[in-house]
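Below are the chains, spelled out letter by letter.
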Amino acid sequence: MLEEVSRLLDEYTQWLRDKTYLREVGDWVEITTPYLDRHNDRLQIYASRSNGDFLLTDDAYVIQDLKLSGCELDTKKRRELLDMTLNGFGVQREGDAIQVRASSGNFAQRKHNLTQALLAVNDLFYLAEPSVRSLFMEDVAAWLELVEVRYTPTVKFTGKSGYDHVFDFVIPASRSAPERIVDAMNKPSRDRAQSVAFAWIDIKDVRKPDATAYVLVNDQEVEPPTAVYEALRSYDVVPVPWSKRDDFREALAA
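Residues numbered from 1 in each chain as written. Predicted model: local features only at pLDDT ≥ 70, side-chain atom pairs only at ≥ 80, totals over all residues. Heavy atoms only, no water.

A. Local environment of the packing of aromatic side chains. The tally for this structure, following the rule as stated, stands at 6 aromatic pairs. Ring centres of W143 and W242 lie 6.0 Å apart, and the angle between their planes is 75°; on these two criteria the pair is classed as edge-to-face. One end of the pair, W143, is in helix α5 (residues 136-146); the other, W242, is in the loop between β11 (237-241) and α8 (249-253), with 99 residues separating them in the sequence. Between F157 and F167, the aromatic rings sit 6.1 Å apart at their centres with planes inclined by 50°, giving tilted as the arrangement. In this pair, F157 sits in strand β7 (residues 152-158) while F167 sits in strand β8 (residues 164-171), placing the two residues 10 residues apart along the sequence. F167 matches F157 in its accessibility class, with the two residues each being buried. Taken together, the ring pairs in this structure connect F136, W143 and W242 into an aromatic cluster. Taking NZ or CZ as reference, R245 lies 4.1 Å from the ring centre of W242, over its face. (Phe/Tyr/Trp six-rings, centres within 6.5 Å; stacked < 30°, edge-to-face > 60°. Helix = DSSP H or I, 4+ residues; strand = E, 2+ residues; numbered from the N terminus. Buried < 20%, exposed > 50% of the residue type's maximum accessible area, 1.4 Å probe, protein only. Lys NZ or Arg CZ within 6 Å of the ring centre and 35° of its normal.)

Next comes the structure, spelled out in structure tokens:
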């Protein structure tokens, strides 16, 4: 098992390296990542020297794109969710830009944190229609409370690779059930599933051996691709379609 997980981590790291492209744009370096945004375009971030260190930013792309799509961050609850997500990854918001400062020593970690934060914000606030009133994260939290699941929101763990990973909910172990780590996937995609799966296998060996990972998959508007479920299951992550969440109620509430 150890060798298999090590191989999977190596494959993921190699994929990330092979699919990342750099381009100079004036005083900035454009970093094109292999992760896809909700338009199926590769997510891009920008790096520039700043007072001896580096400034990494999305140049306001994610938040402005959400606003143009009708998803305004104009309510207290949405601003709180945004701030909680950004704080979890250790990145900041400057106007509409999401950014972080890095040194030569922690550049890789900070770039990883920023990329994961952008994916999380895009997923958190993705609305199929501007008229949708609630966010999927709110729905998940409300359901967990309704079925009396004890949880801690937005928890960060450091994996074997040294990278930090943020999970939406952690349900502590009880006498009858192990620790359960839970993510909410609002806009399911294979890339998003692989990102969650990598985070899980990276932290799995630093948690208790019987810890389990679940992903609540939003299937309210569109049936997620089969590849999403396959990617999660292949890394021992339990996918939970939102429409079938009550089938997993006892496992999460135990």
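B. Broad picture of the environment of Y12. Assignment of secondary structure puts Y12 in helix α1 (residues 2-18). Classification of Y12 as buried rests on a relative accessible area of 10%. Measuring from C-alpha to C-alpha, the distance between Y12 and I63 comes to 28 Å, with 51 residues separating the pair along the chain. Ignoring anything within four residues of it in the chain, the contact list for Y12 reads Y35, Q194 and F198. (Contact = heavy atoms within 4.5 Å.)

C. A look at the pattern of salt bridges. Per the stated rule, a full pass over the model turns up 6 salt bridges. For the salt bridge of R207 with E179, the shortest nitrogen-to-oxygen distance reads 2.8 Å. Residue R207 is located in the loop between α6 (190-204) and β10 (212-217), and its partner E179 is located in the loop between β8 and β9 (180-185); the two are separated by 28 residues in the primary sequence. A network of salt bridges, in which partner residues are shared, links K67, R93 and D96. (Salt bridge = Lys/Arg side-chain N within 4 Å of Asp/Glu carboxyl O.)

D. Summary view of the nonpolar core. Of all hydrophobic cores here, the largest spans 52 residues; its most connected members are V91, I98, L114 and W200. The element best represented in this core is α6, accounting for 7 residues. Ignoring sequence-local partners within four residues, the contact set of W200 consists of F167, I181, A211, T212, A213, Y235, D236 and V237. Membership of the second largest hydrophobic core comes to 19 residues, among which are L135, V149, I171 and V240. (Core = buried A, V, L, I, M, F, W, Y, C linked by side-chain atoms within 4.5 Å.)

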